[in-house]
Amino acid sequence: MLALAGALGGRGHQVVLAGPPDFAAEAATRKVDYRPMGRSIAFFLDRNSDAFRGHRFRLALAIKRDTAVEVATQFDVLGGLAAQADRVVAASLVFAARS
């Protein structure tokens, strides 16, 4: 998505990219307008490292626990950005984009 945002920006489009805070530094390096959204992926992985080594249902419970917070955060961030946008392109675990 960073590459796509950079390419579109290079063609004169105004692009705002939203995603996990983990990618903010890379976006700044590429001069992409980036809005951190939700929790850090690294935080989730660290917080749930035992779930990755244990039974798969532990991982499912961890994802379920964190999903409600992520969805609410995404609606807060994307709702404001989408109101000003001509197009919204989504990828990965962006739950709020289709709404």
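Keep in mind it's a predicted model, so treat the numbers as computed, not measured.

The rules we used
- Residues numbered from 1 in each chain as written.
- Predicted model: local features only at pLDDT ≥ 70, side-chain atom pairs only at ≥ 80, totals over all residues.
- Heavy atoms only, no water.
- Helix = DSSP H or I, 4+ residues; strand = E, 2+ residues; numbered from the N terminus.
- Contact = heavy atoms within 4.5 Å.
- Areas by Shrake-Rupley, 256 points an atom, 1.4 Å probe, with all protein chains shown as cover.
- Pairing = 2+ DSSP bridges.
- pLDDT = per-residue confidence, 0-100.
- Salt bridge = Lys/Arg side-chain N within 4 Å of Asp/Glu carboxyl O.
- Buried < 20%, exposed > 50% of the residue type's maximum accessible area, 1.4 Å probe, protein only.
- Patch = residues over 30% accessible without salt bridge, like charges linked within 9 Å, V, L, I, M, F, W, Y side chains within 5 Å.
- Lys, Arg positive; Asp, Glu negative; His and termini not counted.
- Polar contact = N/O pair within 3.5 Å; in protein donor to acceptor, adjacent residues only side chain to side chain.

1. Description of the overall build of the protein
Logical step 1: Secondary structure assignment for the protein yields 5 helices and 2 strands.
Logical step 2: In the protein, the succession of α and β elements from N to C terminus is α-β-α-β-α-α-α.
Logical step 3: Partitioning the intrachain contacts of the protein with sequence separation of at least 6 by distance along the chain shows that 31% fall at a separation of at least 24.
Logical step 4: Within the structure as shown, the protein displays about 7100 Å² of accessible surface, and the carbon and sulfur contribution to it stands at 57%.

2. Describing the pairing of strand β1 (residues 16–19)
Logical step 1: Strand direction decides the pairing type here: β1 and strand β2 (residues 33–36), joined by 4 bridges, are parallel. Looking at the pairing, Leu17 lines up with Tyr34 of β2.

3. Re the confidence of the model for the protein
Logical step 1: For the protein, mean pLDDT is 82; residues scoring 70 or higher make up 90% of the total.
Logical step 2: Element-level pLDDT for the protein is lowest in helix α4 (residues 49–53), with a mean of 75, against a maximum mean of 93 in helix α2 (residues 24–29).

4. A look at the pattern of salt bridges
Logical step 1: For the structure on display, the rule yields 5 salt bridges.
Logical step 2: Of the charged contacts, one joins Arg47 and Asp66 as a salt bridge, the two residues approaching to 3.5 Å between their closest N and O atoms. Within this pair, whereas Arg47 is found in helix α3 (residues 41–47), its partner Asp66 is found in helix α5 (residues 56–82), the two being separated by 19 residues in sequence.
Logical step 3: Here Asp66 falls in the buried class, since its relative accessible area comes to 7%.
Logical step 4: Linking Arg65 and Asp66 is a salt bridge whose minimum nitrogen-to-oxygen distance equals 3.2 Å.
Logical step 5: Taking relative accessible area as the criterion, Arg65 reaches 41% and is therefore assigned partly exposed.
Logical step 6: Connected via shared salt-bridge partners are Arg39, Arg47, Arg65 and Asp66.

5. A look at a nonpolar patch on the surface
Logical step 1: A cluster of nonpolar side chains, contributed by Met1, Leu4, Leu8 and Val89, occupies part of the molecular surface with about 340 Å² of accessible area.
Logical step 2: Residue placement: Leu8 occurs in helix α1 (residues 2–10).
Logical step 3: Owing to a relative accessible area of 32%, Leu8 belongs among the partly exposed residues under this scheme.

6. Quick look at the side chain of Glu70
Logical step 1: Its location among the elements puts Glu70 in helix α5.
Logical step 2: Within the buried set, Glu70 has no salt-bridge partner at all; the shortest N-O distance to an opposite charge, 4.7 Å, is to Arg39.
Logical step 3: Among the polar contacts listed, one links the side chain of Glu70 to the backbone nitrogen of Arg39, at a separation of 2.9 Å.
Logical step 4: Other than its neighbours up to four places away in sequence, Glu70 contacts Gly38 and Arg39.

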